[in-house]
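Below are the chains, spelled out letter by letter.
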Amino acid sequence: MKLRLPALYLLMLLWSLKTYADNSFSFDCQIDYTQEIVSEQAQYIRISSYQTKYDFQELGITVAPKNHPEYPENYLIINEPLIRNYHIEVDGDNLILKSNDKVLINTSVKKPSEGIVINASIQEFSESYVLIDFSFYNPSTMLRQHDWQIMFDNYDKVINNDNVTRTLSFKNYNRGYDCEDNLEETNFKAYQKYWGTLLEAILQKKVEVAAENPY
């Protein structure tokens, strides 16, 4: 019996770790940068030395140089749609972040490739309120770190676009963008479990629902 107990414990531990590795998660968020890029074009025309804060590499935008054969100097050449669909997917230990079809991150969650940031933090994860944050960064494909904040409550007893906030912001840039795509209606517990899957995959531990704060 003394020999079996450690083996049983090890088996249970391996099974527990496997449950996190086998979890799958998929999230989409649509953001339209059209108005922002129109404003950026005006800045490039007005100020010859202007430098954008937007990630033109991600958005597929190039700035026409002097003596360009087709476009005036500092004209923004838009090569890809400005409506971006951000896609986050976890399959086992692998995490993928895409902007449309452009892969920004494709790495192991447990052992990310060098320089890649994958973080999650919980501000509140209770029986009626969720406020959580995620951060993703790949220095080889992204200008700035993507910081996501997800917030929703159980006040209306249903989850839809009216009571969920899904916001993308960029490190060192004080502007947030709310997801514009519609949510499929669901209930609080199901949506909380959905985001709990991503939390557990990144944090590599079981995420418990906290009791209500009486205050």
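Quick caveat: nothing in here was measured; it's all calculated off a predicted structure. (Residues numbered from 1 in each chain as written. Predicted model: local features only at pLDDT ≥ 70, side-chain atom pairs only at ≥ 80, totals over all residues. Heavy atoms only, no water.)

Focus: the pattern of salt bridges
Phase 1: Applying the stated criterion to the full structure yields 5 salt bridges.
Phase 2: For Lys102, the salt bridge identified is with Glu80, shortest N-O distance 2.9 Å. Here the residue Lys102 occupies a position in strand E6 (residues 102–108), and Glu80 occupies one in the loop between strand E3 (76–78) and strand E4 (83–91), the gap between them amounting to 22 residues.
Phase 3: Assessed through its relative accessible area of 25%, Glu80 is described here as partly exposed.
Phase 4: Counted as one network, the salt bridges with shared partners bring together Glu80, Arg84 and Lys102. (Salt bridge = Lys/Arg side-chain N within 4 Å of Asp/Glu carboxyl O. Helix = DSSP H or I, 4+ residues; strand = E, 2+ residues; numbered from the N terminus. Buried < 20%, exposed > 50% of the residue type's maximum accessible area, 1.4 Å probe, protein only.)

Comments concerning the state of the cysteines
Phase 1: Enumeration according to the criterion identifies 1 disulfide in this entry.
Phase 2: Note on cysteine connectivity: Cys29 is disulfide-linked to Cys179, with sulfurs 2.1 Å apart. Around the S-S axis, the bridge from Cys29 to Cys179 shows a dihedral of about -110 degrees and counts as left-handed. Of this pair, Cys29 sits in strand E1 (residues 24–32) while Cys179 sits in the loop between strand E11 (173–178) and helix H4 (188–203), and the two are 150 residues apart along the sequence. The pair Cys29 / Cys179 is uniform in exposure class, with both members buried. (Disulfide = S-S within 2.5 Å.)

Here's the deal with the sheet that holds strand E10 (residues 164–170)
Phase 1: Taking strand neighbours across the sheet as the criterion, the 5 strands line up as E7-E8-E9-E10-E11 in an open arrangement whose pairing is antiparallel. Strands at the two margins of the open sheet, each flanked by one partner only, are strand E7 (117–125) and E11. Within the sheet, the average angular offset between the axes of one strand and its neighbour, ignoring direction, is 20 degrees.
Phase 2: Inspection of the sheet shows E7 paired to strand E8 (residues 129–137) by 8 bridges, in the antiparallel sense. Bridged to Ile118 within E8 is Phe136.
Phase 3: Against the sheet, H4 contacts E7, E8, strand E9 (146–153) and E10, and its axis sits at roughly 140 degrees relative to E7. (Pairing = 2+ DSSP bridges. Axes fitted to C-alpha atoms, helices over the stretch in contact; angles between N-to-C directions. Contact = heavy atoms within 4.5 Å.)

Topic: unusual backbone geometry
Phase 1: Backbone geometry places Asn74, a non-glycine residue, at a positive phi of 70 degrees.
Phase 2: Within the fold, Asn74 resides in the loop between strand E2 (61–63) and E3.
Phase 3: The exposure class of Asn74 is buried, given its relative accessible area of 12%.
Phase 4: A positive phi angle, near 55 degrees, is found at Asn100, a position not held by glycine.
Phase 5: Relative to the elements of secondary structure, Asn100 occurs in the loop between strand E5 (94–99) and E6.

Quick notes on the nonpolar core
Phase 1: Counting residues in each nonpolar core, the largest one holds 50 residues, and the members touching the most others are Tyr33, Ile37, Phe134, Phe136, Trp148, Phe152 and Trp195.
Phase 2: Among the elements that take part in this core, H4 stands out by supplying 7 residues, more than any other. (Core = buried A, V, L, I, M, F, W, Y, C linked by side-chain atoms within 4.5 Å.)

Notes on the packing of aromatic side chains
Phase 1: The final tally for this structure, using the stated rule, is 17 aromatic pairs.
Phase 2: Plain terms: the ring middles of Phe27 and Trp148 are 5.5 Å apart, the flat faces sit at 90 degrees to each other, and that makes the pair edge-to-face. Placement of the pair is Phe27 in strand E1 and Trp148 in strand E9, with a sequence separation of 121 residues.
Phase 3: For Trp148, a relative accessible area of 2% puts it in the buried group.
Phase 4: Here a set of aromatic residues connected by ring pairs shows up, and it is made of Phe25, Phe27, Tyr86, Phe134, Trp148, Phe152, Phe188, Tyr191, Tyr194 and Trp195. (Phe/Tyr/Trp six-rings, centres within 6.5 Å; stacked < 30°, edge-to-face > 60°.)

In short, shape yes, function no, at least from these values alone.
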